[in-house]
Amino acid sequence: LVTLGKRGFDGVGYDPAPEAREHARARLEAVRSPFNVLDDWPTGPFDAVLLLEVLGYLDDPLDVLKRCRELVRPGGHLVLSYARVGAGYDRRVVADMRFLAKDEVASLLEQSGFSDVRQYNYGFPLANLLVGANNGIHRLRLALQKEQHTVGKTGLAHTWRALRPFDLVSNRVTLAPFFF
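Residues numbered from 1 in each chain as written. Predicted model: local features only at pLDDT ≥ 70, side-chain atom pairs only at ≥ 80, totals over all residues. Heavy atoms only, no water.

Q: Would you mind showing me how to read the packing of helix 3 (residues 61–71) against helix 4 (residues 102–111) here?
A: Describing two packed helices takes the angle between their axes plus the distance from one axis to the other. Look at helix 3 against helix 4: their axes get within 9 Å of each other, and the N-to-C directions meet at 50°. Regarding the angle of helix 3 to helix 4, the classification is oblique. With respect to the hand of their crossing, helix 3 and helix 4 are arranged in right-handed fashion. Where helix 3 approaches helix 4, its residues Pro61, Leu62, Leu65 and Lys66 are matched on the opposing element by Leu108, Leu109 and Gln111. A breakdown of the residues in the contact of helix 3 with helix 4 according to their chemical character gives 5 nonpolar, 1 polar and 1 charged. (Axes fitted to C-alpha atoms, helices over the stretch in contact; angles between N-to-C directions. Helix = DSSP H or I, 4+ residues; strand = E, 2+ residues; numbered from the N terminus. Parallel < 35°, antiparallel > 145°, perpendicular 65-115°, else oblique. Left-handed = near helix turned anticlockwise from the far one by under 90°. Contact = heavy atoms within 4.5 Å. Nonpolar A, V, L, I, M, F, W, Y, C, P; charged D, E, K, R; others polar.)

Q: What's the story with the packing of aromatic side chains in this structure? I'm lost.
A: For any pair of aromatic rings, the description consists of the separation of the ring centres together with the inter-plane angle of the planes. Evaluation of the coordinates by the stated rule reveals 1 aromatic pair. One residue, Arg67, lies across the ring of Trp41, its end atom 4.2 Å from the ring centre. One Lys or Arg, Arg69, reaches over the ring of Phe114 and ends 5.3 Å from the middle of that ring. (Phe/Tyr/Trp six-rings, centres within 6.5 Å; stacked < 30°, edge-to-face > 60°. Lys NZ or Arg CZ within 6 Å of the ring centre and 35° of its normal.)

Q: What exactly am I supposed to notice about unusual backbone geometry here?
A: It is generally the case that most residues other than glycine have a negative phi and that most peptide bonds are trans. Omega for the peptide link from Gly44 to Pro45 comes to 5°, which places this bond in the cis form. Here Pro45 lies in the loop between strand 2 (35–38) and strand 3 (46–52). Even without being glycine, Arg32 reaches a positive phi, approximately 55°. Residue Arg32 is classed as exposed on the basis of its relative accessible area, which comes to 77%. Within the chain, Glu53 stands out as a residue other than glycine whose phi angle is a positive 55°. (Buried < 20%, exposed > 50% of the residue type's maximum accessible area, 1.4 Å probe, protein only.)

Q: What is the right way to read the pairing of strand 1 (residues 11–14) from this model?
A: As a general feature of sheets, a regular strand has side chains that alternate between the two faces. Relative to strand 2, strand 1 runs parallel, the two sharing 4 bridges. Bridging from a neighbouring strand, Gly13 pairs with Val37 of strand 2. This β-α-β element, strand 1 to helix 2 (residues 18–30) to strand 2, shows right-handed connectivity. (Pairing = 2+ DSSP bridges. Right-handed = clockwise from strand over helix to strand, strands pointing away.)

Q: Teacher, can you tell me more about a positive patch on the surface here?
A: On the surface, Lys6, Arg7, Arg27 and Arg172 cluster together to form a positively charged patch. Here Arg7 is to be found in the loop between helix 1 (2–6) and strand 1. Arg7 sits in the exposed class, given a relative accessible area of 60%. (Patch = residues over 30% accessible without salt bridge, like charges linked within 9 Å, V, L, I, M, F, W, Y side chains within 5 Å. Areas by Shrake-Rupley, 256 points an atom, 1.4 Å probe, with all protein chains shown as cover. Salt bridge = Lys/Arg side-chain N within 4 Å of Asp/Glu carboxyl O. Lys, Arg positive; Asp, Glu negative; His and termini not counted. Charge placed at Lys NZ, Arg CZ, Asp CG, Glu CD.)

So, in structure tokens, the structure goes:
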């Protein structure tokens, strides 16, 4: 929402976890974003509904997709991203998120009333290349920490301070070619 607000968009966000809503509100307020975070499920219609990296965490993805369908105005769009089966992520890295097959997602979208569905496997080249390293770092973090790292109710993964030196080589400037 911060990025979208900086690019001139406005709208609302929602998360079922109060902790995540408060975190989002603080980030949005800090940049004076035109987005607002709601405490209850929004009412539409909207030009676009974004459901990013959450489908695999849902107990009933079909129900949520049906509710999202009601939010999208005629001619509007649902933008959905998910981790696919075979992506290579350690389940602990993604907090036991369920991986989904393309056909399964297509079926869920069809059952929930979406039509003219187009799926793209865009991938992020750098992220795809670093799946193994990400898995290894997370396993090391679990081994070194007394408490098991989880994202809990918020879905927020917090930065591991031991990795801060890597910010010198992994930052917005050095990663700009990959973002482009």
